[in-house]
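Below are the chains, spelled out letter by letter.
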Amino acid sequence: MKVKHRIKLISLLSIFALFACKKELSPNLDPKAEVGQGQNAEIDHSDQEWLILFDGTDFDEWRGYRSSEISDSWEIQDGSMHFIPGKPGSHNIISRKKFENFILTLEWKVSKGGNSGIFWGVFESDDYSQPYLTGPEIQILDNDNNEEGTAANGTHAAGSLFDMIACDPALIKPYNQWNTCILQVDHRSNMASVEMNGNKAFNFSLSGEEWENLVAGSKFKDWNGFGKYTLGHIGLQDHGDEVWFRNIKIKEIK
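What counts, and where the lines are drawn
Residues numbered from 1 in each chain as written. Predicted model: local features only at pLDDT ≥ 70, side-chain atom pairs only at ≥ 80, totals over all residues. Heavy atoms only, no water. Helix = DSSP H or I, 4+ residues; strand = E, 2+ residues; numbered from the N terminus. Contact = heavy atoms within 4.5 Å. Pairing = 2+ DSSP bridges. Axes fitted to C-alpha atoms, helices over the stretch in contact; angles between N-to-C directions. Buried < 20%, exposed > 50% of the residue type's maximum accessible area, 1.4 Å probe, protein only. Arc of directions from axis to C-beta. Phe/Tyr/Trp six-rings, centres within 6.5 Å; stacked < 30°, edge-to-face > 60°. Lys NZ or Arg CZ within 6 Å of the ring centre and 35° of its normal.

(A) Structural view of the environment of Y229. Residue position: Y229 is located in the loop between α2 (208–216) and β12 (232–236). Taking the C-alpha atoms as reference points, Y229 and W120, separated by 109 residues in sequence, lie 9.3 Å from one another. Setting aside residues up to four positions removed in sequence, Y229 forms contacts with G121, F123, Y128 and T134.

(B) The sheet that holds strand β5 (residues 93–99), seen in detail. Taken in spatial order, the five strands of this open sheet run β2-β5-β12-β7-β8, and their pairing is antiparallel. Looking at which strands have only one partner, the edges of the open sheet turn out to be β2 (62–64) and β8 (137–141). Each adjacent strand pair in this sheet contributes to an overall mean axis angle of 25 degrees, direction not counted. Bridge analysis of strand β7 (residues 115–122) against β12 gives three bridges, and the strand direction is antiparallel.

(C) Examining α2 more closely. Restricting attention to buried positions, one finds in α2 the residues W211, L214 and V215. One side of α2 carries all its buried residues, which in axial view fall inside an arc of 95 degrees. The outward face of α2, more than 90 degrees from its buried face, is lined by the exposed residues E209 and E212. The secondary structure elements touched by the buried residues of α2 are β11 (199–204).

(D) Region of the structure containing the pairing of strand β13 (residues 243–252). Most of β13 sits out of view: seven of its 10 residues are buried. Here strand β1 (residues 50–54) pairs with β13 via four bridges, running antiparallel. Bridge pairing in β13 links I52 to K249. Direction of pairing for strand β4 (residues 80–83) relative to β13: antiparallel, over a ladder of three bridges. The partner of M81 across the bridge, within β13, is F245. Taken together, the eight bridges between strand β6 (residues 102–110) and β13 define a ladder with antiparallel strand orientation.

(E) Spatial organisation of the packing of aromatic side chains. Evaluation of the coordinates by the stated rule reveals 15 aromatic pairs. Here a set of aromatic residues connected by ring pairs shows up, and it is made of W120, Y132, F162, F202, F204, W211, F220, W223 and F226. For the cation-ring pair, K109 lies above W244, with the distance from its terminal atom to the ring centre recorded as 5.1 Å.

Right under this line is the structure:
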């Protein structure tokens with residue numbers, strides 16, 4: 001009997017340890033976290049509240065901007081979404097669904113010298129020919145081989161809130177290597193955050209004086225629709241360079 005009780009006690013301790021480990025691996029998206037702290041590298045993607053936007057098998061959750069179809073400039077290659085440049089026209093794509101308050105996680109890599117971007121809050125209209133006219137952008141770039149890597153006080157470098165907040169280049173992996181980006185947008189708390197490769201990059205407000213000052217100091221200051229739409233599409237940019245995406249997931253904040 002004593003042996004059985006001892007076995008039960010060990011089993012209970014093992015269960016408690018398992019739950020403790022899971023708690024330690026949950027994402028820490030506290031906007032007060034220090035920049036550069038690797039607190040957020042692990043996310044439990046088995047959570048059913050995550051919507052899979054791309055799992056490496058199809059483009060069902062995507063379509064072209066102002067189009068019901070997706071351009072054949074995009075292909076699936078080794079489980080990733082691959083953009084092939086060269087064809088005339090614009091081949092930006094957007095999520096079929098719209099999102100307002102969310103956590104978006106994805107992996108990207110770019111070719112040597114390449115440039116692309118991740119948009120959110122994209123408003124689709126004949127008044128706006130491109131997603132970037134309404135949707136703010138998290139930059140994708142080969143910092144080492146593209147002159148944009150040092151432009152505009154670093155706000156054009158990879159991981160940056162384009163033309164507004166610079167991301168530390170030390171958080172970015174070189175071209176042809178996978179980078180993990182986590183973008184949290186919560187209009188209810190008026191707070192957004194960006195993480196690159198498990199490290200906090202920066203936080204920013206989504207409206208109010210801080211946001212208005214960021215826009216006023218950028219190229220977007222006279223763009224009437226820029227950053228105005230809280231509910232909008234996620235977008236991936238055709239900037240004329242080869243780029244790959246994979247493991248794209250989103251979770252709405254409720």
